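Observations on chain architecture
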Amino acid sequence: MIEAIGLVKKYGDHIAVDHLNFTVEKGQILGFLGPNGAGKSTTMNMLTGYISATEGTILVNGYDLLEEPEEAKKSIGYLPEQPPVYPDMTVTEYLKFVTELKKVPKKDRAGEMARVMEKTQLQEVKDRLIQHLSKGYRQRVGIAQALIGNPEVIILDEPTVGLDPAQIIEIRELMKDLAKDHTVLLSSHIMQEISAVCDHIMIISHGRLVLSGTPEELQAQADEGEKLELSVCGGKEQLEQALAGVSGILECSETTSEQEDFCTVLLKSEQDIRKELFFAMAKAGLPVMKLVRHKKTLEDIFLEATADNTADDNATDAGSFTEELSTTEEPAEEAAKEEEETTV
């Protein structure tokens, strides 16, 4: 449904997206993950045609976004990080406006509004002003506008930001429901959220793809990094003799106190060998003081994959970077005048 080929976005000397290649299959929920400033929002803005790519090709439902923008955009429903809603409108008024904007035939507009309100559970607040809705309901209104026209692809940029735990669960369930009829591209920097709803995960850093796979594949990679930490009372030589034949020893250190010696060993283990270690230490007469299984999480995988991301205020996504470019210093006379008016 979506294919990005050699996607690049530059702002002057700053490269926000650096030759990004990926494909989103029909019916897939793709999690688009990365630290703040990694290029997620910039990429999504390019996929929706909101901003143009410096280089590369974007195909949406088989249509080239540059060559056939209208057909490509018909296939996309987009929820930016800040929902594009008008707070002084009611939910019904706003969705009616969106149906007109998306050129839904007049005879179908009432039915289309009813469909998306039912899908997003907005019926009970349909006559309320959007400014009086909770953050969670405003997100639902934003998702509803993305669904109008029944596009094949739904793109959601940080849809749960600022929500409380109950609202996050509600939005996650809604996203799972959307995947039954749509291809979903979900952006976030929270691994737990991505792994809860997505069937494929992409991690980017500095605008580059650094890791891609299913949650199960990434978890398998995490399991490969499992380590065991064993601390005993005794000397290093005694411990090494007791561990003879045990593979995967990464490091062994000894600490000497006034009363006794302590020795700690770190082992890489593909299997759980804690019982074997316990009986081996008992046989060697080495009291076990600590035996801990250190298991990597998906968050650890994410942090390792993006360890070199040193994003700062100058390495941001398109929105804030564009603001920097558009902000210029005021002439001295205007600045002085403004200061004088403020003082008065």
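Scroll up a little and you will see the structure.
Residues numbered from 1 in each chain as written. Predicted model: local features only at pLDDT ≥ 70, side-chain atom pairs only at ≥ 80, totals over all residues. Heavy atoms only, no water.

1. Section: the environment of Gly234
Relative to the helices and strands, Gly234 is located in the loop between β11 (227–233) and α9 (236–242). Residue class for Gly234 comes out buried when judged on its relative accessible area of 10%. Taking the C-alpha atoms as reference, Gly234 lies 9.6 Å from Thr264; in sequence the two are 30 residues apart. Ignoring anything within four residues of it in the chain, the contact list for Gly234 reads Glu254, Asp261, Phe262, Cys263 and Leu286. (Helix = DSSP H or I, 4+ residues; strand = E, 2+ residues; numbered from the N terminus. Buried < 20%, exposed > 50% of the residue type's maximum accessible area, 1.4 Å probe, protein only. Contact = heavy atoms within 4.5 Å.)

2. With respect to the sheet that holds strand β1 (residues 2–11)
Read from one edge to the other, the open sheet built from four strands follows the order β2-β1-β4-β5, with strand pairing classed as antiparallel. If you trace the sheet from one side to the other, it starts and ends with β2 (14–24) and β5 (63–64), each paired once. Relative to strand β4 (residues 55–60), β1 runs antiparallel, the two being bridged by five bridges. What sits directly across from Ile5, in β4, is Thr57. (Pairing = 2+ DSSP bridges.)

3. Points about helix α3 (residues 91–101)
Within α3, the full set of buried residues consists of Val91, Tyr94, Leu95, Val98 and Thr99. The buried residues of α3 all sit within an arc of 140° when viewed along its axis, so they share a single face. Structurally, α3 contributes buried residues whose contacts are with α4 (106–120) and α5 (135–147). Backbone geometry just downstream of α3 places Lys103 in the positive-phi region, at approximately 60°. (Arc of directions from axis to C-beta.)

4. Some remarks on the sheet that holds β11
The four strands lie next to each other as β12-β13-β11-β14, forming an open sheet whose pairing is antiparallel. For this open sheet the edge positions go to β12 (249–256) and β14 (288–294), each flanked by a neighbour on one side alone. Neighbouring strand axes in the sheet, compared pairwise and without regard to direction, differ in orientation by 10° on average. Pairing of β11 with strand β13 (residues 261–268) involves seven bridges; the strand directions are antiparallel. For Glu229, the partnering residue across the bridge sits in β13 and is Leu266. Its contacts with the sheet place helix α10 (residues 274–284) against β11, β13 and β14, and it is angled at close to 165° to β14. (Axes fitted to C-alpha atoms, helices over the stretch in contact; angles between N-to-C directions.)

5. A closer look at the pattern of salt bridges
Here the structure, examined in full by the defined rule, presents ten salt bridges. Across the salt bridge formed by Arg115 and Glu112, the nearest N and O atoms sit 2.8 Å from each other. In this pair, Arg115 and Glu112 are both assigned in helix α4, three residues apart and thus about one turn of the helix distant. Given the relative accessible area of 28%, Arg115 is considered partly exposed. For Glu112, a relative accessible area of 12% puts it in the buried group. Linking Lys290 and Glu229 is a salt bridge whose minimum nitrogen-to-oxygen distance equals 3.1 Å. (Salt bridge = Lys/Arg side-chain N within 4 Å of Asp/Glu carboxyl O.)

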